[in-house]
Every structure is written in structure tokens, then in C-alpha cells.
Amino acid sequence: MRCPLASRNCVAGGVRTFNVPSSTCGIPGNAAAYSVNVTVVPPGPLGYLSIWPAGAAQPVVSTLNSYDGRIKSNAVIVPAGTNGGVSLFATNATHAILDINGYFEAASNPAALAFYPVTPCRLVDTRNPAGLLGAPYMSAGQKRSFPLLSSPCNVPVDASAYSLNFTVIPRGPLGYLSVWPDGQTQPVVSTLNAPNGAITANAAIVPSGNGGAIDAFVTNPTDLIIDIDGYFAPAGTGGLSLYNLQPCRVRDTRQPSGSPPVAGIQVVSATGSVCGVPSTAQGLVLNATVLPQGPL
């Protein structure tokens, strides 16, 4: 279940550290990494915000950007740092909200789950004909349950959590979308925000609820799309473990070594970068930032 870790103000150019295990979310001190949703509520333009393990050198990476001062969210997996803490840096003054939806422990824990990647597949699209995973669109203040095991994406019944991407196509300003396992109490967290009514997407790891279903709530009318790229289940054949790396920039097409700008399909190899990704890696946790030269 998602839980709010912190809501704090970050000053321009300042670094703040948050001790995650000391929150009220019940995170154990031996957690090696966290699955977190970061939301910024800036009073004006925000160049970027970075998050990294406490005690490590500040990396040259961005977790999210808000040049127009919009409320924005982004999902991130961040290793635990000194005393289980994480550090934040913001180029401009902003409030920052941290919500957690999971954590990673040593694989020696028999209760730990393995990650199983799948080819990205569309689970839900409320623009489609009426159905359990289709229309109608979500109305203001509506909570709706989605039985993900009923989709054609072949999600197994033993999946304990899903790696999902949520996209909203609002019919006007959208305060926030929140998702959680079906059968549990609705948490006081946001998965994404679209106050200007823009099409907006964000990733989230969501535990499976009753019958494998998840619930969603929206403050305002919107269509909703849910895509899956993997799931977590008991360790077995094909299951993968997470190996922490310090946040590191794999590619920047603004730099001579990263040009030309992306157009169409382009292959990027993380194993050939300076970030130390081994050739044996079978999956990557990435944050992709676009700086479009026009509508995208």
C-alpha cells in the first residue's frame, strides 16, 4: 500500500535529507532501496529536482522538471543511503512530497519477490468500448476497480505486485489520480497530477488486491490508460533481482557524445556508458527526460 513519507519545502539550490525508516510508513532499517513517487508543488518555474542515496556525492541527474511551475510527479527507485536516508536537490524553491509503494531487501530473504519483465502491454483503456477494462471514462470523484487478470496481457495469478504506467487524458484540469490494491483503504497519496488538463503519464509499482485487481480514484473527469511492463512474484525461473547503482546519466543528446537528437527508433546501450552497468544485466531502471524542439 502506498504511504506518504514526507512533505517538505526545499529551498532553491539547497539539499535536504530524509530518513526514510523513521517515517510512519513502517519501512524496515534493512531496506536496500525504495520505490518512491516524487511530487513537486513549486511556487514558480523549477529547473529540476534530483534524488539520490544520502551520504553519496550529488549526481548530475534529474528526477523531474517543471519549467512552467506545474505540479508534477515522477516515479523513481532510489537506493537507501546513510541511515536509510535519501537526499533531494532542487534548482528552485518547491514543496516536495514523497510517497512510497515498496522497498527492496536482500534476495536471501525468503519472503522477497523477484521481478519478471514482460513486453509492454496495454491492460486498460477507457477510450475503448464499454467493459471491465474499457469505457466509460472516469467521472469526478469516482473510485473504480480494474481486474487486471482479466486482460489479454497474460498476467499470472501469482503476481503480488505490478510495474505499471498510468496515462490520463483529462477532460479539463485534473487534481490528481491515486491507485492502490483493491480491498484496501484508499491512501492519501497521488500517482500523478494534471492541473492544466495536459495528457500526463507516470509509472507506479502497485500491489495486487482482491482477485488481482487494483483501484483508481480521480478528482476530475478523465480517460485512463494502464500499461504493464513487468510484475513481482515469488522467486523462480526467469525472475530478476535489483542491483543498486548510484544515479548516473547514461545519455544526453544535448552533448556532442550523445547527439543527434532522437527521432523515430533509436537504440541506446546502457552497458556501454560510464555508469558501470554489466553486460549481464537483463533489465534497467531508467528515467527518461525529453526536451522537445516542438510538439511531442
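Residues numbered from 1 in each chain as written. Predicted model: local features only at pLDDT ≥ 70, side-chain atom pairs only at ≥ 80, totals over all residues. Heavy atoms only, no water.

1. Things to note about the nonpolar core
Across soluble globular proteins, nonpolar side chains show a tendency to be buried alongside one another.
Consideration 1: Counting residues in hydrophobic clusters, the biggest one holds 30 residues, and the most contacted among them are Phe146, Leu164 and Phe166.
Consideration 2: Among the elements of the structure, strand 9 (113–125), strand 11 (161–170), strand 12 (174–181), strand 13 (192–194), strand 14 (200–207), strand 15 (214–218) and strand 16 (222–234) are those that each provide at least two residues to this core.
Consideration 3: When residues of this core are assigned to their parent elements, the largest contribution, five residues, is made by strand 16.
Consideration 4: Residues Cys10, Tyr34, Val86 and Leu88 belong to the second largest nonpolar core, which totals 22 residues. (Core = buried A, V, L, I, M, F, W, Y, C linked by side-chain atoms within 4.5 Å. Buried < 20%, exposed > 50% of the residue type's maximum accessible area, 1.4 Å probe, protein only. Helix = DSSP H or I, 4+ residues; strand = E, 2+ residues; numbered from the N terminus.)

2. Structural notes on unusual backbone geometry
The general pattern is negative phi for most residues beyond glycine and trans for most peptide bonds.
Consideration 1: Cis geometry marks the peptide bond from alanine 135 to proline 136, where omega comes out at 10 degrees.
Consideration 2: Turning to its location among the elements, proline 136 is positioned in the loop between strand 9 and strand 10 (143–146).
Consideration 3: One non-glycine residue, asparagine 83, adopts positive backbone phi at about 55 degrees.
Consideration 4: Considering the arrangement of structural elements, one finds asparagine 83 in the loop between strand 6 (72–79) and strand 7 (85–90).
Consideration 5: Overall, asparagine 83 belongs to the exposed group, its relative accessible area being 63%.
Consideration 6: The residue asparagine 154 is not glycine, and still its phi comes out positive at about 60 degrees.
Consideration 7: Of note, asparagine 154 is situated in the loop between strand 10 and strand 11.
Consideration 8: Classification of asparagine 154 as exposed rests on a relative accessible area of 69%.

3. Re the side chain of aspartate 223
Consideration 1: Counting through the fold element by element, aspartate 223 comes out in strand 16.
Consideration 2: Given a relative accessible area of 7%, aspartate 223 falls into the buried group.
Consideration 3: Within the structure, the side chain of aspartate 223 is placed 3.3 Å from the side chain of arginine 171, a separation counted as a polar contact.
Consideration 4: The contact partners of aspartate 223, leaving out residues within four places of it in the chain, are Thr126, Arg127, Tyr137, Thr167, Val168, Ile169 and Arg171. (Polar contact = N/O pair within 3.5 Å; in protein donor to acceptor, adjacent residues only side chain to side chain. Contact = heavy atoms within 4.5 Å.)

4. Quick look at the pattern of salt bridges
Opposite charge on two side chains lets them pair, provided their charged atoms get close.
Consideration 1: Across all of its chains, the model carries five salt bridges by this definition.
Consideration 2: For the salt bridge of aspartate 125 with arginine 122, the shortest nitrogen-to-oxygen distance reads 3.9 Å.
Consideration 3: Taking the relative accessible area as the measure of exposure, aspartate 125 reaches 6% and is therefore buried.
Consideration 4: Assessed through its relative accessible area of 41%, arginine 122 is described here as partly exposed.
Consideration 5: A salt bridge links aspartate 227 to arginine 122; the nearest nitrogen and oxygen atoms lie 2.7 Å apart. Of this pair, aspartate 227 sits in strand 16 while arginine 122 sits in strand 9; the two residues are 105 residues apart in sequence, bridging distant segments of the chain. (Salt bridge = Lys/Arg side-chain N within 4 Å of Asp/Glu carboxyl O.)

5. Observations regarding the state of the cysteines
Consideration 1: A full pass over the atoms with the stated rule returns one disulfide.
Consideration 2: In this model cysteine 121 forms its disulfide with cysteine 153; the gap between the sulfur atoms is 2.0 Å. Negative torsions about the S-S bond denote left-handed disulfides, and the value of about -85 degrees found for cysteine 121 with cysteine 153 makes this one left-handed. On the criterion of sequence distance, the pair formed by cysteine 121 in strand 9 and cysteine 153 in the loop between strand 10 and strand 11 is long-range, its members being 32 residues apart.
Consideration 3: Residue classification places cysteine 121 among the partly exposed positions, given a relative accessible area of 22%. (Disulfide = S-S within 2.5 Å.)

6. Overview of the packing of aromatic side chains
Consideration 1: Counting across every chain of the model gives five aromatic pairs.
Consideration 2: Note on tyrosine 116 and tyrosine 231: the rings are 5.2 Å apart at their centroids and 10 degrees apart in plane angle, and the pair reads as stacked. Highlighted residues: tyrosine 116 in strand 9 and tyrosine 231 in strand 16, separated in sequence by 115 residues. The residues tyrosine 116 and tyrosine 231 share a single accessibility class, namely buried.
Consideration 3: A connected cluster of aromatic rings, assembled from ring pairs, spans Phe104, Phe115 and Phe232. (Phe/Tyr/Trp six-rings, centres within 6.5 Å; stacked < 30°, edge-to-face > 60°.)

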